[in-house]
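# Examining the three-dimensional arrangement
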Amino acid sequence: MTTYTERVSTQGRLGTDLRLAWLLTRGSDRREGWRALLTAVGAALATGLGLVVAALLPLTGQHHVPVGYGMLDQPGTRIGVIAALLMLLIPVLGFLGQCARIGAVHRERRLAALRLAGASPGQVRRIAALESGLACLAGSAVATVVSVPTLLRMWHRPDPLVWAVMAVVAVLVPVLGVVVSVLALRRLVASPLGRLRRERPAEGPGRLFRVATALLGLLVVYVVTTPFHDVPFEFALTPVTVFCLCLLVGAVAVWLTGASARQLGEGLSARAKSPALLIAAERLRDDPWAAARTHAAVLLVTVAGSGFLGIRQVLLSALRSREHHYADEIAEIEGGLNLTGLAILAALALVLTALAVGTAESVATRRRGLAAQSAAGVPYSVLARATLLETALPLAPALAVAGLGGLTISVWYGSIASEHGTPDAPYMALLAPVLAYAACLLAAATSLPLLRRSLRPAELRYA
Amino acid sequence: MIAMSTRHILLGLLASGPSHGYDLKRRHDERFPQARPLAYGQVYTTLQRLVRDGLAEIDATESDGGPERTTYRATADGERELTEWAREIAPPAPFVTNEIFAKVVVAILSGGDPDAYLRAQRAAHMGRMRELTQVKTAKGADLATVLSADYALNHLDADLRWMTTTAARLTTLTAEVDTA
Amino acid sequence: MSTTVPLLAARDLVKAHGPTEALRGASLELRAGEILAVTGASGSGKSTLLHCLAGIVRPDAGSVSYAGEQLHTLSEKRLSELRRTDFGVVFQFGQLIPELTALDNVALPLMLAGAARKDAQVRGQEWLERFGVLGQEALRPGEMSGGQAQRTALARALVTDPKVVFADEPTGALDSLASEQVMTALTHTAGEQGTAVLLITHDAQVAAYADRELRLNDGVVAPQEVAA
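One structure accompanies this document, and this report is about it. Computed from a predicted structure; not experimentally measured.

## Describing the interface of chain C and chain A
In many reports, interface size means the accessible area that the parts give up when they come together. In this assembly, 20 residues from chain C lie in contact with 20 residues from chain A. Residue assignment for the side of chain C that touches chain A shows that the elements contributing at least two residues are helix 2 (76-85) and helix 3 (102-112) of chain C. Here the side of chain C that touches chain A takes four residues from helix 3 of chain C, the largest share from any one element. Partitioned by chemical class, the residues of the side of chain C that touches chain A number ten nonpolar, five polar and five charged.

Okay, structure coming up:
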């Protein structure tokens, strides 16, 4: 006699998992739909950027490219564009990471319930991976479908290498999505009770994060010291170096947010005089890495933005100081740079959306407790101030580091550019963190209407 | 039931040493505060029956000028009987004589208002529960008082719960009783 | 001992949640210093009644008067202030801020009223001790047992010396022993302070701690029988 389960399990397991993943996504509330949609958008952006880089990389020497203000014609400026595109990848990756956090509590509860119902750890992992993998695949497919005809219209017989790299990119993005979601859920699937009890705050960055940071650091040290290695492709590595530097500074800023949040929380909660500051500081102390996770994408974009503003200033002033040489190109280059700036602004918007969603998510998760506070007479203004302070406090030191990092990158770039002219001091790099800080507070403030709605006594009825 | 447990409770009180009738009554009332207090006559008859059955015997008779006082002690048989009784489980109330239920049915049969009766009974139960709660939460209440009050409270609570469910199902019950 | 003028009175309260009417003309009076239990089956409108009485919810019809003021005429801000100064609230769970320590949770209402943190903490400590929460003031609610957390919640509700404490199933998540400790602490302290308590419960043994019981049946207060 075989049991019912044994008979069922012989029929396509993956099919069952896929069906379950689909049923669960469809049956759950709107937040899950939001996550899938935003994940797909992030994946599409990542794929799109990857595909453009893939098309540009094999180009050597001078070409006539019909897009990009002629910036793609010369090998030198082309490298700059590739660098800018790679830099754009940073916020997109940050955004993707943030998407995984939307509805996290809800999803983890659901997956833990699956475990309780008898799903094996492997099955739960597959279902979760399928959920994000499918969203990433959809995004990547859309980007590829749009990109291929566009490329064919501009370039009649593309290099076979381009096709190969493009195929790799299109497949790599969904695979990365699956890997990331499996990594994010590795702790949950071990226990059927999941985090149904009190959510245990993470201790700090995982081993993966530390290893990645260390590797980035080594890479940057290697690249920066290339002049002394006597390697011929010194300047060709510049965009990659800038990309790695931005990632490194971003990682350091994320780590700093987490590491400083505990001390910041402890120090402030001991000294807090107002209830709002006390609540914000204690929440920070309770889960110091929550801020780092929420703000990671913002920090990465700020580093990129700060670096961009600095480099833009350095580059333009260097070119202008030798205007008689580059009179024709300045307008073109400025146009190209402005295009990159727009892209970074778009990235900032993307990341701020993610931040707003994250703050709203945090309010929605705590809505019953917040309603109870309001019922006990804690005024809305106190809870609202606490919510804003929760974003404002940990961001301040991290954004300062991000700005300084961007400034350093610009100064370093300036020292290279000074061979071609005498550039300004890249003080513009310091503008980015200030703007980002203001934008973050605005983004956090978008959750206030939700907070007000959460304080309705009807929320008391839900456990 | 009552007579039988009085027998064993007296034997239990004698286990700590010889004692006379009045002393036994006093200790019983102290030890079991929420139980009905023992009448002295009941103590006296029960002791005589214990002596008759060979479970207790007269320890001494003394009279310090006043009335005669007889001290009793448990025999070896009595101690054995007590051990066996303490080990035996109490029957989990197999035949419940439920006065409240009987009154509800009678109220239906005689065209009375069973709902009003249940409400009044509930109010009375709650009143008694409030008294017991006051007794047990009074400052300085000893544990024996608290535990015996708890016992009574839990039983009254069980009655109340039964009354609540019955009140909710009176319509169906009325139909059933009337057609029968 | 109790005055004839009620401290809190509700007249013919009606409140619907969507299509379901939770209250259908409920009236009651709470006298100063009195402990009143409101019992009833789940869904009988007990919690909604408490929400209306505490000014958390505005009834669709009917009125609530507290110390001569009609709650429905007050602004949201004034109601919030009233809940902070004159009322205390205890729920089954969730009224403590999970990230704050027991002491800060108890000190919070005083800080909201404008007290300095130090003073608020000193007073909070006294109240925690009064409720038998000793040596736990640095713990967060998640690190305490259910009974300790509820006693901390009681301390938080009573620390401002309110006139009325609203308790909605305060022992709903507790075992009988912890429930007994919480109820004893509540009734003793309320008695000492002269605080009135409106106690919502479905448990007759908890209701027996009150001076009086009202039963709520389908959104109306059931007729009362005088015990013989």
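Now, onward.
## Comments concerning the sheet that holds strand 3 (residues 69-74) of chain B
Residues and elements named next belong to chain B. Strand order in the open sheet formed by three strands is 1-3-2, with antiparallel pairing between adjacent strands. In this open sheet, the two strands that pair with only one neighbour each are strand 1 (19-20) and strand 2 (56-62). Taken together, the two bridges between strand 1 and strand 3 define a ladder with antiparallel strand orientation. Following the sheet pairing, His-20 is matched in strand 3 by Thr-71. Contacting strand 2 and strand 3, helix 3 (residues 40-52) crosses the sheet at an angle of about 120° to strand 2.

## Re the nonpolar core
Residues Met87(A), Cys246(A) and Val351(A) are the most contacted members of the largest nonpolar core, which totals 215 residues. Top element by residues in this core is helix 12 (residues 288-321) of chain A. It accounts for 18 residues. Excluding anything up to four places from it in sequence, Met87(A) contacts Val242(A), Phe243(A), Cys246(A), Ala304(A) and Phe308(A). Core analysis: the second largest hydrophobic core is formed by 15 residues, Ile9(B), Val43(B), Leu55(B) and Ala74(B) among them.

## Observations regarding the interface of chain C and chain B
On the chain B side, the residues contacting the twelve residues of chain C number 13 residues. Every element with two or more residues in the side of chain C that touches chain B is listed here: helix 6 (176-193) and helix 7 (204-207) of chain C. Examining the composition of the side of chain C that touches chain B, we find that three residues originate from one element, helix 7 of chain C, more than from any other. Split into classes, the residues belonging to the side of chain C that touches chain B amount to seven nonpolar, three polar and two charged.

## Description of the environment of Leu79(C)
Residues and elements named next belong to chain C. Checked against the element boundaries, Leu-79 lands in helix 2. Between the C-alpha atom of Leu-79 and that of Ile-56, which follows or precedes it by 23 residues, the distance is 7.8 Å. Excluding residues that lie within four positions of it along the chain, Leu-79 makes contacts with Gly-55, Leu-71 and Leu-74.

## Section: helix 4 (residues 76-87) of chain B
Residues and elements named next belong to chain B. Between its first and last C-alpha, helix 4 extends 17 Å over twelve residues, near the 16 Å set by a 1.5 Å rise per residue. If you check which residues of helix 4 are buried, you get Gly-78, Glu-81 and Leu-82. Burial along helix 4 is one-sided: seen end-on, the buried residues are contained in an arc of 100°. Exposed residues on helix 4 whose side chains face more than 90 degrees from its buried face are Ala-76, Arg-80, Thr-83, Glu-84 and Arg-87.

## Considerations on helix 11 (residues 275-286) of chain A
Residue and element names in this part refer to chain A. Over its twelve residues, helix 11 runs 16 Å from end to end, which matches the ideal 16 Å to within 8%, given 1.5 Å per residue. Most of helix 11 sits out of view: ten of its twelve residues are buried. Where helix 11 is concerned, the buried positions are Pro-275, Ala-276, Leu-278, Ile-279, Ala-280, Ala-281, Glu-282, Arg-283, Leu-284 and Arg-285.

Rules and cut-offs
Residues numbered from 1 in each chain as written. Chains lettered and ligands numbered in written order. Predicted model: local features only at pLDDT ≥ 70, side-chain atom pairs only at ≥ 80, totals over all residues. Contact = placed C-beta atoms within 7 Å. Helix = DSSP H or I, 4+ residues; strand = E, 2+ residues; numbered from the N terminus. Nonpolar A, V, L, I, M, F, W, Y, C, P; charged D, E, K, R; others polar. Pairing = 2+ DSSP bridges. Axes fitted to C-alpha atoms, helices over the stretch in contact; angles between N-to-C directions. Core = buried A, V, L, I, M, F, W, Y, C linked by C-beta atoms within 7 Å. Buried ≥ 20, exposed ≤ 12 C-beta atoms within 10 Å, placed from the backbone. Expected span 1.5 Å × (residues − 1). Arc of directions from axis to C-beta.

Note that all results are geometric; they support no functional claim without further evidence.
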